[in-house]
Amino acid sequence: MTRRLCTDRELVARVKAGDKQAFNVLVQKYQHKLVKLVTRYVHDQTEALDVAQEAFIKAYRALPQFRGESSFYTWLYRIGLNTAKNHLVSLSRRPPDTDIDAQDASRYDIESRLKNHDTPEALAQRDEIERTVLMAIDELPEDLRTAITLRELEGLSYEEIAQAMSCPIGTVRSRIFRARDAIAKRLRPLYSVSLTGDGL
Amino acid sequence: MRDGLNEQLSALVDGELREDEAALLLRQLGRSEELKERFERYCLISDALHRNLSVATGGDLAARVARTLEDEPSHAVGQQRPARGRVLLRPVAGMALAITGALAMVTLWPQPVQEPALVQGAGPIAAGQEASLQSHLRPIEAIDASERATPRVVVGAAARSQLQWKRLDPQLQRQLTDYLIKHSERSATGQMDTALPYMRIIGYEAGE
């Protein structure tokens, strides 16, 4: 039996049908990725957030024209890229000549460039979050660790994980949730700081 | 109950939430700050694992976008009811087209002064005198110099078309008259919704 899932495509369809909350979910899902993309072009953190916000608003307005020929993020990526470049042009700064493909973006190590613009505190906080997440995963019981690793790092669907772990899909879903919940508990002290302070 | 919702949030991050659960969860996400925060935290974990975190990401970006979107019309509403500007666009465009057509007619209509062969001697010609108009007309070469010195009157378009009308074959006159009557009747019923009811365009070529 085919399960109908609430994927990005479904969320987009909901937005098109008038559900703004579905767009908020997409913003929450992709805000970090988009801001990271924008900071490759716009190094000032405040400006980068403004540009990312503008890109999301543009995406919302243009969504009726999105035909779903690419993934939502690939489409959003192009909007973010163009918004960042236009921002540089409006400030009479020259945008870079070459673009990074949406699929390759995560592979590019541009830390050396960012280090010139980011505060040491913000960088330390980001690294601390990444370290805490990895440590929390290491401390998980094996079944939870396997489930979250197969999902997050291997990119398998719940159905594929269920086959790999020889268990029902419902169990996979529950294990991934419990893994996330445990990691989130470890992150809570850092997260509350990041919500109120600068940077993360 | 709360764990059930949190599990659904986790599935939503992965795009694995069932469609039948989505509507309720999205509604609750819109109302509960706690759920929203938890969802952001789950997304943060995912981004941290993929090294997608940026130092510039403040916790309020999603909230800022959501606040801005509050003033935006939702898409379905936009599709059901076109914007006010669009509603007005059609009649305004139609009117503009009609005015342009009328202006073009007024400015581009050929002026009789361009036809020297129809220049005739002094004295205006009343509309009812077309019957004798033929005899008044002479080629310009036939007008002598003294006559040319006197003020001249140019035959208007109406007089000229009356003359052309008289020259028509009686059967053709009847056909054209019938056509004009039918055209007026049809225009009067309002069945033609364009500027065409107000235009009279009749073509005639001798021999057709």
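Residues numbered from 1 in each chain as written. Chains lettered and ligands numbered in written order. Predicted model: local features only at pLDDT ≥ 70, side-chain atom pairs only at ≥ 80, totals over all residues. Heavy atoms only, no water.

### Focus on the overall build of chain A
In step 1: Along chain A, the regular secondary structure elements total nine helices and zero strands.
In step 2: Taken from N to C terminus, the helices and strands of chain A fall in the order α-α-α-α-α-α-α-α-α.
In step 3: Taking all 200 residues of chain A together, 51% fall into the buried category.
In step 4: Considering only intrachain contacts with a sequence separation of at least 6, the fraction spanning at least 24 residues in chain A is 60%.
In step 5: Of the roughly 10,000 Å² of accessible surface on chain A, a fraction of 49% belongs to carbon and sulfur atoms. (Helix = DSSP H or I, 4+ residues; strand = E, 2+ residues; numbered from the N terminus. Buried < 20%, exposed > 50% of the residue type's maximum accessible area, 1.4 Å probe, protein only. Contact = heavy atoms within 4.5 Å. Areas by Shrake-Rupley, 256 points an atom, 1.4 Å probe, with all protein chains shown as cover.)

### A closer look at the nonpolar core
In step 1: Phe23, Phe72 and Val133 of chain A together with Leu12 of chain B are the most contacted members of the largest nonpolar core, which has 81 residues in total.
In step 2: Looking at this core element by element, the count peaks at ten residues for helix 2 (residues 20-39) of chain A.
In step 3: Setting aside its immediate chain neighbours within four residues, Leu12 of chain B contacts Cys6, Val25 and Lys29 of chain A together with Leu17, Leu25, Leu26, Leu29 and Phe39 of chain B. (Core = buried A, V, L, I, M, F, W, Y, C linked by side-chain atoms within 4.5 Å.)

### Some remarks on the packing of aromatic side chains
Residue and element names in this part refer to chain A.
In step 1: Evaluation of the coordinates by the stated rule reveals seven aromatic pairs over all chains.
In step 2: Between the aromatic rings of Tyr30 and Phe72, the centroid separation amounts to 5.9 Å while the plane-to-plane angle is 45°, which identifies the pairing as tilted. Of this pair, Tyr30 sits in helix 2 while Phe72 sits in helix 4 (residues 72-90), and the two are 42 residues apart along the sequence. There is no split in this pair, since Tyr30 and Phe72 are both buried.
In step 3: Members of the aromatic cluster, connected to one another through ring pairs, are Tyr30, Phe66, Phe72, Tyr73, Trp75 and Tyr77.
In step 4: The ring centre of Tyr73 lies 4.2 Å from the NZ or CZ of Lys33, which sits over that ring. (Phe/Tyr/Trp six-rings, centres within 6.5 Å; stacked < 30°, edge-to-face > 60°. Lys NZ or Arg CZ within 6 Å of the ring centre and 35° of its normal.)

### Thoughts on the packing of helix 3 (residues 45-62) of chain A against helix 4 (residues 61-70) of chain B
In step 1: Packing of helix 3 of chain A against helix 4 of chain B brings their axes to within 10 Å, and their N-to-C directions diverge by 45°. Here helix 4 of chain B runs oblique to helix 3 of chain A, going by the angle between their axes. Crossing hand, helix 3 of chain A versus helix 4 of chain B: right-handed. Where helix 3 of chain A approaches helix 4 of chain B, its residues Leu49, Asp50, Ala52, Gln53, Phe56, Ile57 and Tyr60 of chain A are matched on the opposing element by Leu61, Arg64, Val65, Thr68 and Leu69 of chain B.
In step 2: Across the contact of helix 3 of chain A with helix 4 of chain B, the residue classes tally to eight nonpolar, two polar and two charged. (Axes fitted to C-alpha atoms, helices over the stretch in contact; angles between N-to-C directions. Parallel < 35°, antiparallel > 145°, perpendicular 65-115°, else oblique. Left-handed = near helix turned anticlockwise from the far one by under 90°. Nonpolar A, V, L, I, M, F, W, Y, C, P; charged D, E, K, R; others polar.)

### A short note on the pattern of salt bridges
In step 1: Counted by the stated rule, this structure contains 23 salt bridges over all chains.
In step 2: We note a salt bridge from Arg4 of chain A to Glu10 of chain A, for which the minimum N-O separation is 3.3 Å.
In step 3: A residue is classified by how much of its surface remains accessible, and Arg4 of chain A, at 54% relative accessible area, is exposed.
In step 4: Relative accessible area serves as the criterion here: at 19%, Glu10 of chain A is assigned to the buried category.
In step 5: Linking Arg151 of chain A and Asp14 of chain B is a salt bridge whose minimum nitrogen-to-oxygen distance equals 3.1 Å. With one member in each of two chains, Arg151 of chain A in helix 7 (residues 142-152) and Asp14 of chain B in the loop between helix 1 (2-13) and helix 2 (19-31) form a pair that bridges those chains.
In step 6: Owing to a relative accessible area of 9%, Asp14 of chain B belongs among the buried residues under this scheme.
In step 7: Connected through shared salt-bridge partners, Arg173 of chain A together with Glu7, Arg18, Asp20 and Glu21 of chain B make up one network. (Salt bridge = Lys/Arg side-chain N within 4 Å of Asp/Glu carboxyl O.)

### With respect to the confidence of the model for chain B
All names here are of chain B.
In step 1: Of the residues in chain B, 56% reach a pLDDT of 70 or more, and the chain-wide mean stands at 73.
In step 2: Note on residues 117-123: pLDDT under 50 across the span, and 13 contacts to partners over four residues away in sequence or across chains.
In step 3: Across the interface, the model reports ipTM at 0.85; the global pTM reads 0.63. (pLDDT = per-residue confidence, 0-100.)

### What about the interface of chain A and chain B?
Interface size is often expressed as the accessible area that is lost when the parts come together.
In step 1: If you look at the interface, chain A gives 69 residues, while chain B gives 58 residues.
In step 2: Buried area between chain A and chain B, both sides added, is near 6,500 Å², and the carbon and sulfur share of it is 59%.
In step 3: Arg64 of chain B is the salt-bridge partner of Asp50 of chain A, the closest N and O atoms lying 2.6 Å from each other.
In step 4: At the junction of chain A with chain B, the criterion picks out 27 residue pairs in polar contact (both at pLDDT 80 or more). (Buried area = accessible area lost by both parts, 1.4 Å probe. Polar contact = N/O pair within 3.5 Å; in protein donor to acceptor, adjacent residues only side chain to side chain.)

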